[in-house]
Amino acid sequence: MSITFNKSFTQQESIPEAGIDAAVELMRTGRLHRYNSVGSELSAAALLEQEYATWQGRPYCLACTSGGYAMQIGLRAMGVQVGDAVLTNGYTLAPVPGAIVNVGANPVLVEIDENYHLDLVDLRAKAISSGARVLVLSLMRGHIPDMTALIQVCDELDLAVLEDCAHTMGGSWQGQRSGNFGVMAAFSLQTYKHMNTGEGGLLVCNDEQMMARAIMHSGSYMLYERHGAAPAPEVFEEVRYVSANMSGRMDNLRATLALAQLPELEGNCVRWNERYDLLFAKLSQVPGLYLPRRHKDEHYVGSSIQFMAKGIKTEQIPDFVRACAEQGVELKWFGEAEPRAFTSRYDSWRYLAPQYLPHTLSVLEKTLDMRVPLTFDLEDCALVADIIAEQCKRFVD
Ligand SMILES: *Cc1c(COP(=O)(O)O)cnc(C)c1O
C-alpha cells in the first residue's frame, strides 16, 4: 500500500461565525482591555468567567493569559512558598514543571503507569519523603484516573490538589466534571486545546480567599469588582494589599472567541470521541500495539490518541515514525532522547533537581502520540489507522 494521507495534523476548524462577528464588532469599539467597560456593561472577559463558571459548575473563575500562567498563580493562591516541594506527574508537558519553578518551588516527579495514570504507591512514597503539601495533577493527554481513589489518597496525605485540565475540558469521572475534584483547576485555551483562542487560560475554584488572591495576582489593579465570577468585594479587603500584581490578564478579543466556542464545546467533545473511538477500535486490532485501558466511569475527550508500540524494538521506532510520516501520518515519539516541539521527556527539563523514574521511562520509550483534529472526518481517521497498521506489520518482530 502506498496511499498517502495529505491533511494537516495541526489544522483547527475556523472560529464560529458568531465569534468572528463579535470580534470585529469589539475591534470597532476599540475597548479591548478587560476593564475598559462602559457603565455597568460586562466586558467579554468577565462574561466568559461567568459563563465558564456556570458551565463548569464552580462558583469562581478567572480568565487569564495561558494555562501555565493559571497554574502558576493558582499555586501562589494556594500558598506555595519558595523552596517548597510540589508533586506532579513524571509524564506531562513543560508548562507544568515550569509553573512550579515559576513560584520558586521544586517539582518532585511521580511515576505513571501504562495507562498514563499517576502511580498511587509512588505518590504516597514521594509525598512522605518530600514533605510536599500540594500535588499538581496533570491529566496529560486527557487520561483521567480513578479520581475517587486518587482524592482519597491525597486526603490521607493532606495533599491539596491543583488539577491541570489542559486536555480534559469537557471530560468527567463518574459524571463529575474534570476540574471539580481538586482545590483548584487550570484549563488552557491554547490553539490545540478544546477551545481555541490562540493563547489563554482559565482558573477555577470554590475557595473565596484563594480566588481573591489569584485575581489580584492576575493584575486586576483594584478593579476586581469588574470580574464575572469573583468572590464578594469584602473578601478582597486584606488580600488587595498583600498580593503582588503579576499582570497576566485575559483580553476581550480572546474572550470573545472563547464565548462563541463554549456553546459548541459539548458537541465538539462528541465529535472528537467519534474520531478517537474509531482510531482506538482499529489500532487495538493491530498486533504489537497496546492501547491504554479506559475505565467505564471515565468520560474522556479524545482530542489526541496515545499507544505503545510494544511489539517494535525501541531502536526501530524512529524508522517506524519516519515510514508513517512518509505516508502523511504524523506520530510523535515520547521516548526520544532529544526534546522535539511539544514532545519532551522529563529528563530534558534539566533545570529540575535530577530524578530517576524508571517506570515512566519504560512507558514513554514505547509511547507514540497523535493529534486528532476535528478537521479530519471518520474516513480520514480510518485511512490514518490503516497506514499505521500497514507500517506496523513491517516493523513488529
Ligand atoms: C497545553 C498544556 C498546558 C498549558 O499550556 P499553556 O500553553 O500554558 O496554555 C498545561 N498542561 C498540559 C498537559 C498541556 O498540554
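Reading guide: rules and limits
Residues numbered from 1 in each chain as written. Predicted model: local features only at pLDDT ≥ 70, side-chain atom pairs only at ≥ 80, totals over all residues. Heavy atoms only, no water. Buried < 20%, exposed > 50% of the residue type's maximum accessible area, 1.4 Å probe, protein only. Helix = DSSP H or I, 4+ residues; strand = E, 2+ residues; numbered from the N terminus. Pairing = 2+ DSSP bridges. Right-handed = clockwise from strand over helix to strand, strands pointing away. Core = buried A, V, L, I, M, F, W, Y, C linked by side-chain atoms within 4.5 Å. Domains from an automatic or database assignment. Contact = heavy atoms within 4.5 Å. Arc of directions from axis to C-beta. Buried area = accessible area lost by both parts, 1.4 Å probe. Salt bridge = Lys/Arg side-chain N within 4 Å of Asp/Glu carboxyl O. Polar contact = N/O pair within 3.5 Å; in protein donor to acceptor, adjacent residues only side chain to side chain.

### What about the pairing of strand S2 (residues 85-89)?
Right, so step 1: Counting buried residues along S2, five of its five residues qualify, which places the element largely inside the surrounding structure.
Right, so step 2: The pairing of S2 with strand S3 (residues 106-110) spans five bridges and is parallel. Each bridged residue has a counterpart across the sheet, and for Ala85 the counterpart in S3 is Asn106.
Right, so step 3: As a crossover connection, the stretch from S2 through helix H4 (residues 95-102) into S3 is right-handed.

### Points about the environment of Val86
Right, so step 1: Tracing the backbone shows Val86 in strand S2.
Right, so step 2: What makes Val86 buried here is its relative accessible area of 1%.
Right, so step 3: For the pair Val86 and Pro97, spaced eleven residues apart in sequence, the C-alpha separation works out to 9.3 Å.

### Details of the nonpolar core
Right, so step 1: Core analysis: the biggest nonpolar cluster contains 81 residues, and Tyr52, Leu135, Val329 and Ile388 have the highest contact counts within it.
Right, so step 2: Here this core takes ten residues from helix H9 (residues 252-284), the largest share from any one element.
Right, so step 3: Domain assignment of the residues forming this core places at least three in each of domain 1 (17-261) and domain 2 (265-395).
Right, so step 4: Contacts of Val329, omitting those with residues within four sequence positions, involve Phe5, Phe9, Cys324, Met370, Val384, Ile387 and Ile388.

### Describing helix H10 (residues 317-326)
Right, so step 1: Residues of H10 that are buried: Ile317, Phe320, Val321, Ala323 and Cys324. Down the axis of H10, the sector holding all buried residues measures 160 degrees, keeping them to one side.
Right, so step 2: Its buried side turned inward, H10 meets strand S12 (332-333), strand S13 (367-371) and helix H12 (378-395).
Right, so step 3: Where H10 terminates, the next one or two residues include Gly328, which has phi positive at roughly 85 degrees.

### Focus on the domain arrangement of the protein
Right, so step 1: Entries for the protein in the domain assignment read domain 1 (17-261) and domain 2 (265-395).
Right, so step 2: Taking only C-alpha atoms into account, the centre of domain 1 sits 27 Å from that of domain 2.
Right, so step 3: Counting residues at the interface gives 38 residues for domain 1, matched by 37 residues for domain 2.
Right, so step 4: In total, about 3,400 Å² of surface goes out of reach between domain 1 and domain 2, with carbon and sulfur atoms giving 57% of it.
Right, so step 5: There are three salt bridges connecting domain 1 and domain 2.
Right, so step 6: Ionic pairing is found between Glu114 and Lys310, a salt bridge with its closest N-O pair at 3.0 Å.
Right, so step 7: Joining domain 1 to domain 2, the criterion identifies 18 residue pairs in polar contact (both at pLDDT 80 or more).
Right, so step 8: Listing elements by their share of the side of domain 1 that touches domain 2, those giving two or more residues are H4, S3 and strand S6 (172-173).
Right, so step 9: Here the element with the most residues in the side of domain 1 that touches domain 2 is S3; it accounts for four residues.

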